[in-house]
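Each chain is listed here by its residues.
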Amino acid sequence: MIYKGIIHKYSELLDLPAYSITVSLNEGNTPLIPIPRLANELGGDFKLFIKYEGLNPTGSFKDRGMTAAISEAVGRNVKSVICASTGNTAASAAAYSARAGLKAFVLMPAGKVAAGKITGAIAHQAEVIQIDGSFDDALELVVKISDKHPVSLVNSINPYRIEGQQTGAFEICEQVGSAPDICCLPVGNAGNITSYWKGFRRFNEVKHTGLPQMLGVQAAGSAPLVLGEPVKNPETVATAIRIGNPARGEEALQAAHESNGRIISCTDKEILEMQSRLAQEGVWVEPASAAGVAGLKKEILLGNIDPKDKTIVAICTGHGMKDPDIIVNQAELKEPIPVGLDKLEEVIFSN
Ligand SMILES: *Cc1c(COP(=O)(O)O)cnc(C)c1O
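Definitions and cut-offs
Per-chain numbering applies: the sequence of each chain, read as written, is numbered from 1 onward. A pLDDT threshold of at least 70 governs which residues receive local features in this predicted model, and a stricter bar of 80 or more applies before side-chain atom pairs are shown or counted, although totals over entire chains, interfaces and linings include all residues. Side-chain figures throughout are based on the complete set of non-hydrogen atoms in the structure, without hydrogens or water. By definition, two strands form a pair when at least two bridges between them are found by DSSP. Numbering goes from the N terminus for both helices and strands, where a helix is a DSSP run of H or I of at least four residues and a strand is a run of E of at least two. As a rule, the C-alpha atoms of each element are fitted with a line to give its axis, helices using only the stretch in contact, and angles between N-to-C directions run from 0 to 180 degrees. Contacts between residues were defined by any pair of non-hydrogen atoms, one from each residue, lying within 4.5 Å. Residues grouped as a nonpolar core are buried Ala, Val, Leu, Ile, Met, Phe, Trp, Tyr and Cys residues, joined through side-chain atoms within 4.5 Å. Buried means the residue's accessible area, taken with a 1.4 Å probe over protein chains only, is under 20% of the maximum for its type, while exposed means over 50%, and partly exposed covers the values in between. Each aromatic pair joins two rings of Phe, Tyr and Trp (for Trp, the six-membered one) with centres within 6.5 Å, and gets the label stacked for planes under 30 degrees apart, edge-to-face for over 60, and tilted for any other angle. Here, a charge over a ring is recorded when the distance from Lys NZ or Arg CZ to the ring centre is within 6 Å and its angle to the ring normal is within 35 degrees. For every domain, the bounds stem from an assignment made automatically or drawn from a database. Summed over both partners, buried area is the accessible surface (1.4 Å probe) that two parts give up on being assembled. Salt bridge, as applied in this entry: a Lys or Arg side-chain nitrogen positioned within 4 Å of an Asp or Glu carboxyl oxygen. Put simply, a residue is near a molecule or strand once any heavy atom of it comes within 4 Å of that molecule or strand. The Shrake-Rupley method, run with a 1.4 Å probe, gives the accessible areas here. Residue values count only the displayed protein chains as cover. Only Asp, Glu, Lys and Arg are considered charged, only Ala, Val, Leu, Ile, Met, Phe, Trp, Tyr, Cys and Pro nonpolar, and every remaining residue, Gly among them, polar. Here is how to tell: hold the view so the strands point away, follow the path from the first strand over the helix to the second, and if it runs clockwise the crossover is right-handed.

**Brief notes about the sheet that holds strand β8 (residues 213-219)**
Move 1: Ordered by their spatial adjacency, six strands build an open sheet running β1-β2-β10-β7-β8-β9, and the pairing between neighbours is mixed. In the strand order of this sheet, the two ends are held by β1 (32-34) and β9 (262-266), each with one partner. On average, adjacent strands in this sheet sit at an angle of 25 degrees to one another, irrespective of strand direction.
Move 2: Looking at chain direction, strand β7 (residues 182-186) and β8 are connected through five bridges and run parallel. Of the residues in β8, the one forming a bridge with Cys-184 is Leu-215.
Move 3: Seen against the sheet, helix α11 (residues 249-258) touches β8 and β9 and runs at an angle of roughly 115 degrees to β9.

In structure tokens:
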């Protein structure tokens, strides 16, 4: 059967209005990649997989929710959509809006969005509006303007985003053959952890696949759910989760509680080390996407998680190519050499 995206595949499990008109880029169906060397390093005797969401059409998991939100909006005859974004939501909204013939307005915190994300939004002809403020400020603004004017909100406050993003959990249950024992993922505005927990419960109702423990991971400089209060000036290199007041924070805490899991934080150093470690496995993810695995490592080393005989799935939310600067800025590219075998031999074989 030809794959036609998540709405086509999972229509009977998704609560989307009948009037929806499917707008798809064949999102979803992402690989579950085994990472045995890292599992060995962390003590072995367990299975570790990465759900590589960077392979969605616009390079992040946001496409799963966006196909649902845009399909609902088109069915309602909406002409324009708006979102606040740390970058990936903007790129995804821009692409799906372009496909549907809608106008997209995307608000982003100036200077805090990775190059590949803002470029995506521009490429798909969204109206890019940068603000001198944070993501949280942008979200407040788009909620207000969409309440007042005929422009539809496609942030994860939109319930159809949550519906669509559940499909990541469905796919994992099908790929593993059951729910994993532990599912770890980064937490920013907390839509995704809300979706995964809802998705695992939904799939368990119909297919009896069981339930995982949810481990949500925030960046230490923007960890409102760990601190128990909003963070005024969130900071982290993991710009996708640079959020101080998550819209679905309560639901994230509930997911952690109900699943007997936790929400923890990792430092930027731990996150970047894990990004580099995953790249050495051939899986290049953006910094925020490494946070889930960084948190898992931390919990195993602290003895809070005993991985023995478990199946653990880490959601890697976005592709490394979204944020080239983070790599380039840490590296030193050598000067070009003149064309010549001597010179090349010298570079490769001297010392
Ligand atoms: C949006 C995003 C997150 C955070 O997801 P939330 O639903 O906001 O918690 C994490 N990683 C990447 C790459 C993202 O784009």
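Alright, that's what it looks like, and here's the rest.
**Description of the nonpolar core**
Move 1: Ranked by internal contacts, the top residues of the largest apolar core, which has 34 residues, are Leu-38, Leu-48, Ile-50, Leu-278 and Leu-296.
Move 2: At the level of elements, α2 (36-41), β2 (47-52), β7, β8, β9, α12 (268-279), α13 (287-301) and β10 (311-316) are the ones that each hand at least two residues to this core.
Move 3: Among the elements that take part in this core, α13 stands out by supplying seven residues, more than any other.
Move 4: Each residue touching Leu-278, except ones within four places of it in the same chain, is listed here: Leu-38, Ile-50, Val-283, Val-285, Ala-290, Val-293 and Cys-316.
Move 5: In this structure, Ile-6, Tyr-10, Ile-172 and Ile-193 belong to the second largest nonpolar core, which totals 32 residues.

**A look at the packing of aromatic side chains**
Move 1: In total, this model carries three aromatic pairs according to the counting rule given.
Move 2: Aromatic pair Phe-170 and Phe-203: ring centres 5.2 Å apart, planes at 25 degrees, arrangement stacked. In this pair, Phe-170 sits in helix α8 (residues 167-176) while Phe-203 sits in helix α9 (residues 191-207), placing the two residues 33 residues apart along the sequence. Comparing Phe-170 with Phe-203 shows no difference in burial state: the two are buried.
Move 3: Joined through ring pairs, the aromatic side chains of Tyr-10, Phe-170 and Phe-203 make up one cluster.
Move 4: For Lys-103, the ring lying beneath its charged end belongs to Phe-105, and the centroid distance is 5.9 Å.

**Section: the sheet that holds strand β3 (residues 80-84)**
Move 1: Reading across from one edge, β5-β4-β3-β6 is the order of the four strands in this open sheet, with parallel pairing throughout. Every interior strand has two partners, whereas the edge strands, β5 (127-131) and β6 (152-153), have only one.
Move 2: Relative to the sheet, helix α6 (residues 135-148) contacts β3, β4 (103-109), β5 and β6, its axis offset from that of β3 by approximately 150 degrees.

**Some words on the domain arrangement of the chain**
Move 1: Split by domain assignment, the chain resolves into domain 1 (6-59 + 161-328) and domain 2 (62-157).
Move 2: Placing a centre on the C-alpha atoms of domain 1 and another on those of domain 2 gives a separation of 22 Å.
Move 3: Contacts between the two partners involve 46 residues from domain 1, matched on the other side by 36 residues from domain 2.
Move 4: Overall, the association of domain 1 and domain 2 removes approximately 3300 Å² of surface from exposure, summing both partners, and the carbon and sulfur fraction of that is 53%.
Move 5: Broken down residue by residue, the surface that domain 1 buries against domain 2 is led by Val-23, Arg-161 and Lys-322, which jointly contribute 26%.
Move 6: In this assembly, domain 1 and domain 2 are joined by four salt bridges.

**Examining the site of the ligand**
Move 1: The ligand sits among 17 residues. The nearest are Lys-62, Asn-88, Asn-189, Asn-192 and Thr-317.
Move 2: Protein chains shield 97% of the accessible area of the ligand, which is 380 Å² for the free molecule.
Move 3: Of all the secondary-structure elements, those providing two or more residues to the shell around the ligand are α9 and α13.
Move 4: Broken down by class, the residue content of the shell around the ligand amounts to seven nonpolar, eight polar and two charged.

**What about the pairing of β7?**
The side chains of a regular strand alternate, residue by residue, between the two faces of the sheet.
Move 1: For β7, a buried count of five out of five residues is recorded, marking the element as mostly surrounded by other parts of the structure.
Move 2: Residue alternation in β7 divides its side chains into two sets, Ile-182, Cys-184 and Pro-186 and Cys-183 and Leu-185, and both sets are buried.
Move 3: Considered for its hand, the β-α-β crossover made up of β7, α9 and β8 is right-handed.

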